[in-house]
Amino acid sequence: MFDVQHWLESLPPIAVYLLVGGVIGVESMGVPLPGEIVLVSSALLAATGVVEPEWVATAAATGAIVGDSIGYAVGRRGGRPLLARLGRRSHRRDRR
């Protein structure tokens, strides 16, 4: 049986920090990802001493700030026309 905890422990700490920052950042842009699960899992890794809790918090905060900023910029530049265009595209798929 595949043991997730052993797999996560075998990752280098920098990979865990990048994963946390990336998932939280993309989730903050509006893409539905399990950011809370990633954050709680990394906190459990920090509790066992695999990664440093300060770096997990830094990666999560940085990912959230960058993701929010990118999401805001996309909405500011595209706004309602972008949403309408994407809505028309998904509407076409429903008709098929």
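Residue numbers here run from 1 along each chain, matching the order of that chain's written sequence. The model is predicted, so local features are restricted to residues of pLDDT at least 70 and side-chain atom pairs to those at 80 or more, both for listing and for counting; the totals for chains, interfaces and linings are taken over all residues. Side-chain measures here rest on the full set of heavy atoms in the structure, leaving out hydrogens and waters.

pLDDT gives the predictor's per-residue confidence on a scale running from 0 to 100. For the protein chain, per-residue confidence averages 86 on the pLDDT scale, and 88% of positions sit at 70 or higher. For the protein chain, per-element mean pLDDT is lowest for helix α1 (residues 4-10), which scores 76, and highest for helix α2 (residues 13-28), which scores 95. Runs of H or I in DSSP of at least four residues are treated as helices and runs of E of at least two as strands, each being numbered from the N terminus.

Right, let's get into the packing of α2 against helix α3 (residues 35-47). At a minimum axis separation of 9 Å, α2 and α3 run at an interaxial angle of 160°. When the axis of α2 is compared with that of α3, the two are roughly antiparallel. As α2 packs across α3, the resulting crossing turns out to be left-handed. Side by side, α2 and α3 meet where V16, L19, V20, V23, I24 and E27 of the first sit next to G35, E36, V38, L39, S42 and L45 of the second. Ten residues, namely Ala, Val, Leu, Ile, Met, Phe, Trp, Tyr, Cys and Pro, are considered nonpolar, four, namely Asp, Glu, Lys and Arg, are considered charged, and the remaining ones, Gly among them, are considered polar. Grouping the amino acids of the contact of α2 with α3 by side-chain chemistry returns 8 nonpolar, 2 polar and 2 charged. Inter-axis angles, ranging from 0 to 180 degrees, are taken between N-to-C directions of lines fitted to C-alpha atoms, where helices are fitted over the stretch in contact. Our angle categories are set so that under 35 degrees counts as roughly parallel, over 145 as roughly antiparallel, 65 to 115 as roughly perpendicular, and the remainder as oblique. The handedness criterion is simple: a crossing whose near helix is rotated anticlockwise from the far helix by less than a right angle is left-handed, and one whose near helix is rotated clockwise is right-handed. Note on definitions: a residue-residue contact is assigned when non-hydrogen atoms from the two residues lie within 4.5 Å.

Let's shift gears to the nonpolar core. One recurring pattern in soluble globular proteins is that nonpolar side chains are buried together. We call a set of buried Ala, Val, Leu, Ile, Met, Phe, Trp, Tyr and Cys residues a nonpolar core when their side-chain atoms join them within 4.5 Å. Whether a residue is buried, partly exposed or exposed follows from its accessible area with a 1.4 Å probe, protein chains only, as a fraction of its type maximum: under 20%, in between, or over 50%, in that order. Counting residues in each nonpolar core, the largest one holds 13 residues, and the members touching the most others are V16, Y17, V20, L45 and V51. Counting residues per element, the ones that place at least two in this core are α2, α3 and α4 (53-95). Here the element with the most residues in this core is α2; it accounts for 5 residues. Setting aside anything within four residues of it in sequence, one finds L45 in contact with L8, E9, V16, V50 and V51.

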